[in-house]
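Survey of secondary and tertiary structure
Chain by chain, the residues run as shown.
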Amino acid sequence: MMSDESPHHRVSRLRRRIFEHVQNLPLKVKVISAVSLITIFAVLTIYTFWDLPSPKNLTAHPAAASTRLLDRYGKLIYEIYASERRTPIALSTLPKYVWQATLAAEDKDFYQHGGFSVTGILRAFFSTFIRGQVQGGSTITQQLVKKALLNDNRTLRRKIREFTLSAEVEAMYTKDQILELYLNQVPYGGTAYGLEAATQTYFGKSAKDLNLAEAALLAGLPQAPSYYSPLGSHPEMAKTRQKYVLDQMLEDKFITKDQYNQAINTPLHYAPPPSLNAPHFSLWVKDLLVKKYGLQTVEQGGLTVTTSLDLDLQQYAQDTVASETAKLKKENVGNGAVLITRPGTGEILGMVGSRDYFDTAHDGNVNVVLALRQPGSSIKPVNYAIAFERHLLTPATVLADKPTCFDQPDQKPYCPDNYDNKFHGPTQVRFALGNSFNIPAVKALVINGLNDFIASSSAFGITTWDNPIHYGPSLTLGGGEVTMLELSTAYGVLDNQGERVDLNPILEVQDRNGKVLENVQSKKIDPATVAKLQKSSPDSYFVIGNNFYQETPPANIRVISAGSAYLVTHILLDNNARSATFGPVSYLNVSGHPEVSVKTGTTNDKRDNWTIGYNPDILVSVWVGNNNNDPMSNIASGVTGASPIWNKIITQALKGYPQHWPIKPAEVEGANVCQISGLRVPDSPSPDCQPRFEYFLTGTIPPPDTDLRRDIPIFKPTQAPATARQISEQPDQIETQNHAALIDPLNTVLCLDCAGGFGNPDQIQIDRTGRAIR
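Reading the values: the criteria
Residues numbered from 1 in each chain as written. Predicted model: local features only at pLDDT ≥ 70, side-chain atom pairs only at ≥ 80, totals over all residues. Heavy atoms only, no water. Pairing = 2+ DSSP bridges. Helix = DSSP H or I, 4+ residues; strand = E, 2+ residues; numbered from the N terminus. Axes fitted to C-alpha atoms, helices over the stretch in contact; angles between N-to-C directions. Salt bridge = Lys/Arg side-chain N within 4 Å of Asp/Glu carboxyl O. Buried < 20%, exposed > 50% of the residue type's maximum accessible area, 1.4 Å probe, protein only. Polar contact = N/O pair within 3.5 Å; in protein donor to acceptor, adjacent residues only side chain to side chain. Contact = heavy atoms within 4.5 Å. Expected span 1.5 Å × (residues − 1). Disulfide = S-S within 2.5 Å.

**Some points on the sheet that holds strand E1 (residues 67–70)**
- The sheet built from five strands is open, its strands ordered E2-E1-E5-E12-E13 with mixed pairing. On the outer flanks of this sheet lie strand E2 (76–80) and strand E13 (516–519), each paired with one strand and no other. Between one strand axis and the next, the sheet turns by 15 degrees as a mean value, whatever way the strands run.
- Looking at chain direction, strand E12 (residues 506–510) and E13 are connected through three bridges and run antiparallel. When the sheet's bridge partners are listed, Val509 is paired in E13 with Glu518.

**Considering the pattern of salt bridges**
- On inspection of all chains with the given rule, the structure shows 27 salt bridges.
- With its nearest N and O atoms 2.9 Å apart, the salt bridge here joins Lys175 to Glu170. Grouping residues by exposure puts Lys175 and Glu170 together as buried.
- Linking Arg768 and Asp410 is a salt bridge whose minimum nitrogen-to-oxygen distance equals 2.9 Å. Here Asp410 lies in the loop between strand E9 (404–407) and strand E10 (425–428) and Arg768 lies in the segment after strand E27 (762–765), a separation of 358 residues in the sequence.
- Taken together, the shared-partner salt bridges in this structure form one network comprising Arg430, Asp574, Arg692 and Glu694.

**Here we look at the side chain of Arg692**
- Structurally, Arg692 can be placed in strand E22 (residues 691–697).
- Polar contacts involving the side chain of Arg692 include one to the side chain of Gln428, which spans 2.5 Å.
- Filtering out sequence-adjacent residues up to four positions away, Arg692 remains in contact with Pro395, Ala396, Gln428, Arg430, Phe431, Ala671, Asn672, Val673 and Gln675.

**A closer look at helix H12 (residues 235–251)**
- Here H12 contains 17 residues, and its C-alpha end-to-end distance of 25 Å stays within 8% of the 24 Å for a straight helix at 1.5 Å per residue.
- Taken residue by residue, H12 has Met237, Ala238, Arg241, Gln242, Val245, Leu246, Gln248 and Met249 as its buried positions.
- Looking at the buried side of H12, the elements it contacts are helix H4 (96–106), helix H10 (212–219), helix H11 (225–228) and helix H13 (257–264).
- Among the residues trailing H12, Lys253 stands out with phi positive, at a value near 65 degrees.

**Side note on unusual backbone geometry**
- Unusually for a residue other than glycine, Ser436 sits at a positive phi of about 60 degrees.
- With respect to the element layout, Ser436 can be found in the loop between helix H18 (429–434) and helix H19 (438–448).
- Its identity as a non-glycine residue notwithstanding, Gln719 has a phi of 55 degrees, on the positive side.
- Along the chain, Gln719 falls in the loop between strand E23 (709–715) and strand E24 (720–721).

**Regarding the state of the cysteines**
- Inspection of every chain in the model, using the stated rule, returns three disulfides.
- Between the sulfur of Cys674 and that of Cys689 lies a disulfide, 2.0 Å long from S to S. Between Cys674 and Cys689, the S-S dihedral sits near -90 degrees, and the bridge is therefore left-handed. Note that Cys674 is positioned in strand E21 (residues 668–674) and Cys689 in the loop between E21 and E22, a separation of 15 residues in sequence. The same class applies to Cys674 as to Cys689, namely buried.
- What pairs with Cys751 in a disulfide is Cys754, and their sulfur atoms sit 1.9 Å apart. Since a negative S-S torsion denotes a left-handed disulfide, the Cys751-Cys754 link at about 90 degrees is right-handed. Take Cys751 and Cys754: they sit in the same class, and that class is buried.

If you want it as structure tokens, here you go:
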């Protein structure tokens, strides 16, 4: 039989019975029960709020941010990050509709609620369970707390902590601050975290430059980044989501109907997948930053690094290396590398470490600019510069280019050949260096002394040569390995009037808050000055933010006198001085820039081929070869190999620059010398003198050319000048004859009218310091 008692009365009666039961419990049981309840509550409270993060962490410990490498004009080269690509951006820099799109998509009542929205929760419940459209009820503040301070676990504990922290965040920060933190925190798909990184990823621009259509698309991504991604497996859903956001913006009166229609019909142009620009340069700069600031700061600290690179010139150099080496397959050339610098400041404008960074099957990811390679004859200018500096040689000094062996203690005699397999007799240094003859270069080395040459070369920036005992006379022909960085630094000494400027790829480093951590010496310049520089020296300024700067020359290290540097530089720009080897027209001639100095180098085994050249504005170094050291074939310096690449790149680099000739220092003076002897033209020169003009350091102009005839020892069987060994071992075969002859600094006799010509191979004794025993 059913009771007439109402449900309300039944509940009231049950409550009275429970209360009476509790009242009748013993005191001890009541105490134990109360303590238990308090303990359970305390445990639950501790469990829920234990180790609750502080809202201060949002700014005291901000989210990891990418380090951005920019070129000298502010173009993005590369972003460094651990797993999240993020670039913080200020809310104040964004157009209003950009952040309004996010409000429309995620939390239209953001500026009205206190951290969580009851209406938002109800709206989400209605949309999800009534309309069948899944919609979140979390506010922007809650989402920020979940992403930045908590996690995505769907538990009651996390939700309570989320509500608590949301209230604290709202009390501690302004609404604008919270929205800015959110826009810099949330994921937008892939490795893109934060609005700026997302804008760069999808549209290749900054968030401050977004149009309404783009802003609406991005605002729709955080709800389900993978699903709504325009680059994902359902690109059509990105457009659907974009329309939803625009609908919400129109409904919430963030935009007008006209703006809505325009945005709906605006085509979206997505950026291609980001590529690794200047890969060898970027990763090298990353290594430099890590050594100075540590890996965590570089990957997560949000540094902004303005580098010296010219990205357009870099791309041109990369394309040129790839296309030109592809033409050299028959010559077995598999790789190439380039370094472009501004010698006066040490700025690196371009660095190509291989023909293809991504060709790992052929070690394309190896940066040859940093690798040890033999320089061949490209090291000769350093050798001659040291000899000029020490007044041991002049550009007019005659060196005997004839078969010569160099006897060194505990080693086999070294008997080098010339590149053309010929010997050229009495050769003045200008033509010996210009034509890259080997015998005179080795003689210059033993005149300097091997030990002194190595010690002096370190001042030029060549630091890889260690103990002189490991080297011999072949060092001046490229017998010791160097890096392209070192060789370019050494050539910079010649270009900088004898001062060394160490190469530097970094112009400025800022932390995530804009504080300058390091920068080069520079001066701010106005747009009018920039306009002038663009016409005269395009790469002599750089951009940081909206400001223009020009680097001022750093404190340099004096290595040799300006005069010695000028003499070598002048020889290397003298097309006549190299024409015997390279001809009057070659890839060593730069159209419109006859002032460019240049030197080639090829190792005897044809494993390395170089061309390095410069004027006061630009220096370009080029190498071709193979990473596995396979020899090349049919490589002719100035014709094939590195020279065509060098010519194209330096021509491009010098576009916009006028001719800029090296300035003759006060300590350099000129005089006329005789073509054969190299001695000063006398008042009444003989017809054989054939005067030409030459430069000298003050105090080194040679004496006048008088009668060259002299008594010299002749080896009777050959009717040629006798060698020291012949004089010692066969004195009965020696006779004194009077001939026109020259004697070079190593006492080698060059007979100009002997029936036997220049004579047998000379033997030059070298002591343990690598210096000739005269």
